[in-house]
Amino acid sequence: MGILDLMKSRNKELEFMFDFDLIQDTSKKIHMKQLAIQTCINMIGRTISQSEFYVKKDKKIVKDEMYYRLNVRPNPNMSASQFWQTVVHKLIYDNECLIIQSDTEDLLIADSFTRVEYALVNDSFKDVTIKDFTFSRTFQMNDVIYLEYSNKKLSTLFDGLYSDYGELFGRIIEFQNRKNQIRGLVDIEAVSDKSEKTQEKLQNYINKIYTAFTDKSVAIVPQQKGFKLEELKNATQLQSVDEVAKVIDGFLDQVAKALGIPVSLLHGDMADVEKPTRNYMTFCIDPFLKKIKDELNAKMIDKKEYLAGKKMETKRVSYSNIFDVATAVDKLRSSGTVNGNELREELGLERVDDLMMDKYFITKNYQESSEALKGGEKNEA
């Protein structure tokens, strides 16, 4: 047998061995992008869903049909908390959210629509679709509640950001899997039958052996002549998964910064939690509520009523209770800076019809300001 014949024979043996499915890709894609986005959006949605929306007229809250719709049941299929979480999700991820009011005064969130923009007249919305129903009518801008988050769509920013982090994340996962992979060799001294049926039987036998080694605490495999299994020991030590966590946290931090969420608050750091919470409420939640309040004022209250004092207000959830600020409340009341009803409004309480609560007091004795100017007692001659 010449050297060419020997090489041809050897190549056939190699082709036969390469047909075995000994190397499998068991890696699973981790949805880092969705995890980061949903974590941030859900945090904002949960916070805003705890807010109260109401109309104030003559310094009193008007509890009417709209109050019920905004705070209890916007439509037959959604609660108020679920409604506002959906609004926030669409507002952030889609950069816009369209809310229409049906003939039964239900508030409905559009799944899709087409906006026709004009320069000097109201924009219009057509092909408004909610679930499987599409409205045939065209809605005008002054008939709907339309919210926009920013000038550019954030999902485009997230996609571009993830293209870099996702590639890095995938390479780290691939590297970790390759380092800690269990490798094995199968020595076969002679194989007489190279048919597909024989290869399939041998492959199934190899799979059963390695499955037994992987899943069972005790595995006994009978030895056969001409068939030898050998596991290659991995000399490298198991590397820490800190690199994987750093990539995930890095992408999460970038998404949080884009939305105005303090990173320390998102990671649950307990050191000095009050300052990050205050920044979160001031720079993240309050702008959202301002957008919603401005739109509700523009669409639900006409100009004449608004200038007369009727307006839509929002009361967000407080990160402190009245007992935490009791000392400050006492100082504000006793110094005459604010009256009782003004303090109640700041604390999230309703005003009360009590003349004493509308008066201003000075000094520790809570006397009226006019009495404080009279001075001390006079000595009788």
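Reference entry: report on the structure contained in this document.

Rules used throughout
Chains are numbered independently. Their residues run from 1 in the order of the written sequence. pLDDT decides what is reported in this predicted model: residues at 70 or higher carry local features, side-chain atom pairs at 80 or more are listed and counted, and totals for whole chains, interfaces and linings draw on all residues regardless. By convention in this description, side-chain values take in all heavy atoms of the structure and omit both hydrogens and water. Between Lys or Arg on one side and Asp or Glu on the other, a salt bridge is scored when a side-chain nitrogen of the former is within 4 Å of a carboxyl oxygen of the latter. Starting at the N terminus, helices and strands are each numbered in turn, a helix being any DSSP run of H or I of at least four residues and a strand any DSSP run of E of at least two. Each residue is placed in one exposure class: buried if its accessible area under a 1.4 Å probe, protein chains only, is under 20% of its type's maximum, exposed if it is over 50%, and partly exposed if it falls in between. Contacts are assigned to residue pairs with any non-hydrogen atoms lying within 4.5 Å of each other. Here, expected helix span is obtained from the residue count minus one, scaled by 1.5 Å. The pairing criterion for strands is at least two bridges between them, as found by DSSP. Axis angles are defined between N-to-C directions and span 0 to 180 degrees, where every axis is a line fitted to C-alpha atoms and, for a helix, only to the segment in contact. The aromatic pairing rule takes the rings of Phe, Tyr and Trp, using the six-membered ring of Trp, and pairs them if the centres are within 6.5 Å, calling planes under 30 degrees apart stacked, those over 60 edge-to-face and the rest tilted.

**Concerning the pattern of salt bridges**
1) Next: In total, this model carries 17 salt bridges according to the counting rule given.
2) Next: Put simply, E148 and R115 hold a salt bridge, and the shortest N to O gap is 3.8 Å. Highlighted residues: E148 in strand 9 (residues 145-148) and R115 in strand 5 (residues 112-116), separated in sequence by 33 residues.
3) Next: In this structure, the salt-bridge partner of K293 is E313, at a minimum N-O distance of 4.0 Å. Here K293, found in helix 9 (residues 274-300), pairs with E313, found in strand 12 (residues 311-315); they are 20 residues apart in sequence, far enough to count as distant. In terms of burial, K293 and E313 fall into one category: buried.
4) Next: Where salt bridges share partners, they join K56, E345, R351 and D358 into one cluster.

**Some thoughts on the environment of V263**
1) Next: Tracing the backbone through its elements, the reader meets V263 in helix 8 (residues 263-266).
2) Next: Sequence-wise, V263 and Y280 are 17 residues apart; in three dimensions their C-alpha atoms are separated by 9.7 Å.
3) Next: Beyond its immediate stretch of four places on either side in the chain, V263 contacts D253 and K257.

**What to know about helix 4 (residues 80-93)**
1) Next: Between its first and last C-alpha, helix 4 extends 20 Å over 14 residues, near the 20 Å set by a 1.5 Å rise per residue.
2) Next: All of the buried residues along helix 4 are A80, F83, W84, V87, V88, K90, L91 and I92.
3) Next: Taken from the residues just after helix 4, N95 is the one with a positive phi, measuring 70 degrees.

**Some words on the sheet that holds strand 9**
Strand pairs in the sheet, formed through backbone hydrogen bonds, run parallel or antiparallel to each other.
1) Next: As summarised here, the arrangement of the 3 strands in space is 4-3-9, forming an open sheet in which the pairing is antiparallel. Each edge of the open sheet is held by one strand with a lone partner, namely strand 4 (107-109) and strand 9. Averaged over all pairs of adjacent strands, the angle between their axes in this sheet comes to 20 degrees, without regard to strand direction.
2) Next: Relative to strand 4, strand 3 (residues 96-101) runs antiparallel, the two sharing 3 bridges. Bridge pairing in strand 4 links I100 to L108.
3) Next: In this fold helix 4 packs onto strand 3, strand 4 and strand 9, with an angle of close to 140 degrees to the strand it touches most, strand 3.

**Digging into unusual backbone geometry**
1) Next: You will see that N95, though not glycine, has its phi angle at about 70 degrees, which is positive.
2) Next: Relative to the helices and strands, N95 resides in the loop between helix 4 and strand 3.
3) Next: On the basis of relative accessibility, which here comes to 8%, the residue N95 falls in the buried class.
4) Next: Even without a glycine there, the phi angle at E105 is positive, about 70 degrees.
5) Next: For E105, the location among the structural elements is in the loop between strand 3 and strand 4.
6) Next: You can call E105 partly exposed: its relative accessible area is 39%.

**Focus: the packing of aromatic side chains**
1) Next: In total, this model carries 8 aromatic pairs according to the counting rule given.
2) Next: Between F113 and Y146, the ring centres sit 6.3 Å apart and the planes meet at 90 degrees, which makes this aromatic pair edge-to-face. Here Y146 lies in strand 9 and F113 lies in strand 5, a separation of 33 residues in the sequence.
3) Next: For F113, a relative accessible area of 19% corresponds to the buried category.
4) Next: When the centroid spacing of 5.4 Å and the interplanar angle of 80 degrees are considered together, the rings of F135 and F139 count as edge-to-face. Of the two residues examined, F135 and F139, each falls in the buried class.
5) Next: Members of the aromatic cluster, each reached through a chain of ring pairs, are F53, F83 and W84.

**As for the environment of M281**
1) Next: Among the secondary structure elements, M281 is positioned in helix 9.
2) Next: A relative accessible area of 4% places M281 in the buried class.
3) Next: Spatially, the C-alpha atoms of M281 and P262 are 9.9 Å apart, while their sequence positions differ by 19 residues.

**Quick notes on the pairing of strand 6 (residues 124-130)**
1) Next: The element strand 6 is largely enclosed, with a buried count of 5 among its 7 residues.
2) Next: The sheet contact formed by strand 5 and strand 6 spans 4 bridges and is antiparallel. Residue S112 lies in a different strand from strand 6, and its bridge partner there is T129.
3) Next: Direction of pairing for strand 6 relative to strand 8 (residues 139-140): antiparallel, over a ladder of 2 bridges. Directly across from F125, in strand 8, lies its bridge partner F139.
4) Next: In terms of strand pairing, strand 6 meets strand 7 (residues 133-134) through 2 bridges, oriented antiparallel. Following the sheet pairing, I130 is matched in strand 7 by F133.

**Re the sheet that holds strand 2 (residues 60-62)**
1) Next: Ordered by their spatial adjacency, 3 strands build an open sheet running 2-1-12, and the pairing between neighbours is antiparallel. Each edge of the open sheet carries a strand with a single partner, namely strand 2 and strand 12. Looking at each pair of strands side by side, their axes are set apart by 50 degrees on average, direction ignored.
2) Next: Bridge analysis of strand 1 (residues 52-57) against strand 12 gives 5 bridges, and the strand direction is antiparallel. Across the sheet, the residue bridging to K56 is K311, located in strand 12.
3) Next: Of the strands in this sheet, strand 1 and strand 12 are in contact with helix 9, which crosses strand 12 at around 155 degrees.

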